[in-house]
Amino acid sequence: MNCYEDPSLIHPYLDVSSFPSYSLSTRIRKRALGKSLARTWDRVKVLGGHAGCINALHWAHGGELLLSAGDDTTVQIWRLDPTNTFEDYPFVCRTVIHTGHRANIFNTAMLPYSNRIATVSGDRQVRVFDVGEDYETSVLRQEIGQEYCLSTMRCHEDRVKRIATEESPDRFLTHTIKDGTVRQHDLRTPHVCRDHCPAPLLQVHHELSTLATSSYYCVVAGDSPYGYLFDRRFTGRDIPDEWGRRDEGLVSCVLRFGRTNQRMVHRTRAYPREHITGARMSAENGHEVLLSYSSDGVYLFSTLHDPESSGSPSSTIVPPNLKRRRISRESPSTSSTVSSPPSEGAAVNLDFLAHLEREDGDQGEDEDLEEDDVVDPLRGEEPKAFYSWTDIVTPYRRFSGARNADTVKDVNFLGPRDEFVTSGSDDGNFFVWHKSTGKIHGIYEGDGAVVNVIEGHPHLPLVAVSGIDHTVKLFAPVHRESAFSRMSNAESIMDMNREQSDLRTHIRRIRRHDFVNLLASFRTSTDGENNTEATSDCVNQ
């Protein structure tokens, strides 16, 4: 048995089954749910009602409610219709919130232990609505407006992308895209925005695309080769100042997650840029982290693994979460999507890069190009590594097959024990992998264009999927043949996705002299438009 599959073998206190509150019925229920999800899935329900792309899904109140929101700036609340005994999942929309946002809603969530719904949008606003208890008993569709808006916050100076709830009806986190800030909001302490906004919880110097939390941990990622782990227990302590460094925000970065040696990866694969579109921390064990790289795959990390040294100061303050036990390395898996669990950084780097080279196959003429002969006009210089004094944890598993290039896609765990990993794809499918092996479990058609969001029900074998279409699709295990499974064409689908991703990246690999000629031709044509009598020199001289 792979020791990385069961975190309780590393740290016994992570074995939640030993908790007094972990009853026998809970153990039986989770086992049954896991077995059910191991079967083939099929589409069991389509929820229509939106007038635009659906960017956000959120299960609330233990799965009794499903929130959906998107480009039409409305939030729709779906719940099971108890009077419908003919369908297995008779979800109906009984409440529509007209939020008043002036741009797309990117995320929505119901705050725990309350009837408050928070929304974030491209209009830079964060809004909180208190819908009361009417939605629980209403048998007719009701539409509510801004009169239910409890608070409107304008603390952010750019589009607000994501919400991360806490175990509180009053506190939650939000982050923006361009200014790289994460703010903590507390509804118990109102303030006047723009003039008296609290300082950001943290700030990074690049665009952010995603935010994930688990307890006091917070992972942010975006236009950078790394995901950054912050520990909110350090709030109020200026640790970089103790190290003689300056930092921004109230918390400090304690760890970085990144693929193996970035320069080697650049030489092996022609990434147009380093960008992480999605991140998720495991709610089951709290130490596993998923990062989804644009034009690449999904990578699995663990905060329990030994990091690579990155030149930390001699007198460092080691936080409790960075204490690790070194574990002996097991034999590599035979799966083509699995790399060995890291125990020795250098060895893992070589194995991982060899795997990437095998997956890429022949590159044709690109293999003969020297690094100095290739220029990426859109990437520019190699991405700058922020918080360079922090250690780097490398991935121990990679999940491939999906294509993540055209939109910002999320990534997620599925299953009662986070047994599965899932991600949307540009081909309209969503992919499900076994977390322990990296092998593909299922490929399902979830959208007519692109699947961006996948959320699993907390207690039922049910998964909600959305994307470019104006509908939400529900998938569940079935005993019949699946009409929306694409596993029969799995190899061709994954090969096509790999070719499309490579095409998107290799199209930007241009020989340096070809790029100079292209610029010269463009300059000549521009001068010709401004002066018809102008002549140009031969661009090849």
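It should be noted that the structure appears before, not after, this text.
Cut-offs applied
- Residues numbered from 1 in each chain as written.
- Predicted model: local features only at pLDDT ≥ 70, side-chain atom pairs only at ≥ 80, totals over all residues.
- Heavy atoms only, no water.
- Helix = DSSP H or I, 4+ residues; strand = E, 2+ residues; numbered from the N terminus.
- Expected span 1.5 Å × (residues − 1).
- Contact = heavy atoms within 4.5 Å.
- Buried < 20%, exposed > 50% of the residue type's maximum accessible area, 1.4 Å probe, protein only.
- Pairing = 2+ DSSP bridges.
- Axes fitted to C-alpha atoms, helices over the stretch in contact; angles between N-to-C directions.
- Polar contact = N/O pair within 3.5 Å; in protein donor to acceptor, adjacent residues only side chain to side chain.
- Core = buried A, V, L, I, M, F, W, Y, C linked by side-chain atoms within 4.5 Å.
- Phe/Tyr/Trp six-rings, centres within 6.5 Å; stacked < 30°, edge-to-face > 60°.
- Lys NZ or Arg CZ within 6 Å of the ring centre and 35° of its normal.
- Patch = residues over 30% accessible without salt bridge, like charges linked within 9 Å, V, L, I, M, F, W, Y side chains within 5 Å.
- Areas by Shrake-Rupley, 256 points an atom, 1.4 Å probe, with all protein chains shown as cover.
- Salt bridge = Lys/Arg side-chain N within 4 Å of Asp/Glu carboxyl O.
- Lys, Arg positive; Asp, Glu negative; His and termini not counted.
- Charge placed at Lys NZ, Arg CZ, Asp CG, Glu CD.

Novice: Looking at this structure, how should I read helix α1 (residues 24–37)?
Specialist: In an α-helix there are 3.6 residues to a turn, and that puts residues three or four apart on one side. Taking 1.5 Å as the rise per residue, α1 with 14 residues should run 20 Å; its terminal C-alpha atoms sit 20 Å apart, in good agreement. For α1, the elements touching its buried residues are β1 (41–48), β26 (420–424), β28 (440–445) and β31 (471–477).

Novice: Teacher, can you tell me more about the pairing of β26 here?
Specialist: Moving residue by residue along a regular strand, the side chains alternate between the two faces of the sheet. Most of β26 is tucked away, with five of its five residues classed as buried. Between the antiparallel neighbours strand β25 (residues 411–414) and β26 lie five residues, among them glycine 415 with a positive phi of about 105°. Pairing analysis gives five bridges linking β26 to strand β27 (residues 429–434), with the strands arranged antiparallel. Residue pairing for β27: glycine 424 is matched across the bridge by phenylalanine 430.

Novice: What exactly am I supposed to notice about the sheet that holds strand β10 (residues 149–153) here?
Specialist: Adjacent strands of a sheet pair through backbone hydrogen bonds, lying either parallel or antiparallel. With respect to topology, four strands assemble into an open sheet ordered β6-β7-β8-β10, the strand pairing being antiparallel. A strand with exactly one partner marks an edge of an open sheet, and here the two such strands are β6 (105–110) and β10. Direction aside, the axes of adjacent strands within the sheet are offset by 15° on average. Two elements, β6 and strand β7 (residues 116–121), share five bridges in a ladder whose sense is antiparallel. By the bridge assignment, methionine 110 is partnered in β7 with isoleucine 117.

Novice: How do you make sense of the environment of valine 393 when you look at a structure like this?
Specialist: Structurally, valine 393 is set in strand β23 (residues 392–393). Residue valine 393 is classed as buried on the basis of its relative accessible area of 0%. On a C-alpha basis, the gap between valine 393 and arginine 256 in space is 6.2 Å, while along the polypeptide they are 137 residues apart.

Novice: Would you explain the environment of tyrosine 299 in this entry?
Specialist: Mapped onto the secondary structure, tyrosine 299 falls in strand β21 (residues 298–302). Taking the relative accessible area as the measure of exposure, tyrosine 299 reaches 0% and is therefore buried. Along the primary structure tyrosine 299 and phenylalanine 399 are separated by 100 residues, whereas in three dimensions their C-alpha atoms are 6.4 Å apart. Side-chain polar atoms of tyrosine 299 contact the side chain of aspartate 296, separated by 2.6 Å.

Novice: I would appreciate a short explanation of the nonpolar core in the present structure.
Specialist: Within soluble globular proteins, side chains that are nonpolar generally end up buried alongside one another. Grouped together as the largest cluster of nonpolar side chains are 19 residues, with contacts concentrated most on Leu202, Val220, Tyr228, Phe230 and Tyr387. Breaking this core down by element, the ones donating at least two residues are β15 (208–214), β16 (217–222) and β17 (226–231). Examining the composition of this core, we find that three residues originate from one element, β17, more than from any other. Core analysis: the next-biggest nonpolar cluster, separate from the first, contains 18 residues, Leu255, Phe257, Leu291 and Tyr293 among them.

Novice: Looking at this structure, I do not really get the packing of aromatic side chains. What am I missing?
Specialist: How two aromatic rings sit relative to each other is given by the distance of their centres and the angle of their planes. Scanning all chains against the criterion turns up 15 aromatic pairs. Arranged with centres 5.4 Å apart and planes meeting at 80°, the rings of tyrosine 293 and tyrosine 299 form a pair that is edge-to-face. Grouping residues by exposure puts tyrosine 293 and tyrosine 299 together as buried. One aromatic cluster in this structure is built from Tyr226, Tyr228, Phe230, Tyr387 and Trp389. Taking NZ or CZ as reference, arginine 256 lies 4.7 Å from the ring centre of tyrosine 226, over its face. Lying across the ring of tyrosine 293, arginine 259 places its NZ or CZ 3.9 Å from the centre.

Novice: Can you help me understand the pairing of β27 in this one?
Specialist: Buried residues dominate β27, accounting for five of its six residues. Here β26 hands over to β27 after four residues, with glycine 428 in that stretch at a positive phi of 85°. Note that β27 and β28 share five bridges and pair antiparallel. Across the sheet, residue asparagine 429 finds its bridge partner in β28, namely glutamate 445. What sits between β27 and β28 in their antiparallel hairpin is a turn of five residues, with glycine 438 showing a positive phi close to 85°.

Novice: So what exactly am I meant to see when it comes to the sheet that holds strand β9 (residues 142–144) here?
Specialist: Strand order in this open sheet of five strands is β2-β3-β4-β5-β9, and the pairing throughout is mixed. For this open sheet the edge positions go to β2 (54–60) and β9, each flanked by a neighbour on one side alone. On average, each strand axis in the sheet is inclined to that of its neighbour by 25°, with strand direction left out of account. As judged from the six bridges shared by β2 and strand β3 (residues 65–70), these two strands associate in the antiparallel manner.

Novice: Looking at this model, I keep getting lost on a positive patch on the surface. Mind explaining?
Specialist: A surface patch of positive charge is lined by Arg102, Arg124, Arg154, Arg159, Lys178 and Arg194. Here arginine 194 shows up in the loop between β13 (181–186) and β14 (202–203). The class for arginine 194 is partly exposed, based on a relative accessible area of 48%.

Novice: Where do I start with the pattern of salt bridges in this structure?
Specialist: A side chain of one charge can pair with a side chain of the opposite charge when the charged atoms of the two come close. The final tally for this structure, using the stated rule, is 22 salt bridges. We note a salt bridge from arginine 232 to glutamate 166, for which the minimum N-O separation is 3.0 Å. Residue arginine 232 is found in the loop between β17 and α3 (239–242), and its partner glutamate 166 is found in the loop between β11 (160–165) and β12 (171–176); the two are separated by 66 residues along the sequence. Judged by its relative accessible area of 14%, arginine 232 is buried. Between glutamate 274 and arginine 259 there is a salt bridge, with its nearest N and O atoms 2.2 Å apart. With glutamate 274 in the loop between α4 (262–268) and β19 (276–281) and arginine 259 in the loop between β18 (252–258) and α4, this pair connects stretches of sequence that are 15 residues apart. Just as glutamate 274 is buried, arginine 259 falls in that class too. Salt bridges sharing common partners tie together Arg116, Asp170, Asp186 and Arg188.

Novice: What is the right way to read unusual backbone geometry from this model?
Specialist: Negative phi values dominate among residues other than glycine, just as trans dominates among peptide bonds. Of note in this structure, histidine 61 is not a glycine but carries a positive phi near 50°. Position of histidine 61 relative to the elements: it lies in the loop between β2 and β3. Residue classification places histidine 61 among the partly exposed positions, given a relative accessible area of 29%. One non-glycine residue, serine 295, lies in the positive phi region at around 60°. A relative accessible area of 3% places serine 295 in the buried class.

Novice: Quick question: what am I supposed to make of the side chain of asparagine 115 here?
Specialist: Here asparagine 115 lies in the loop between β6 and β7. Among the residues examined, asparagine 115 registers a relative accessible area of 14% and is labelled buried. Within the structure, the side chain of asparagine 115 is placed 3.1 Å from the backbone oxygen of glycine 132, a separation counted as a polar contact.

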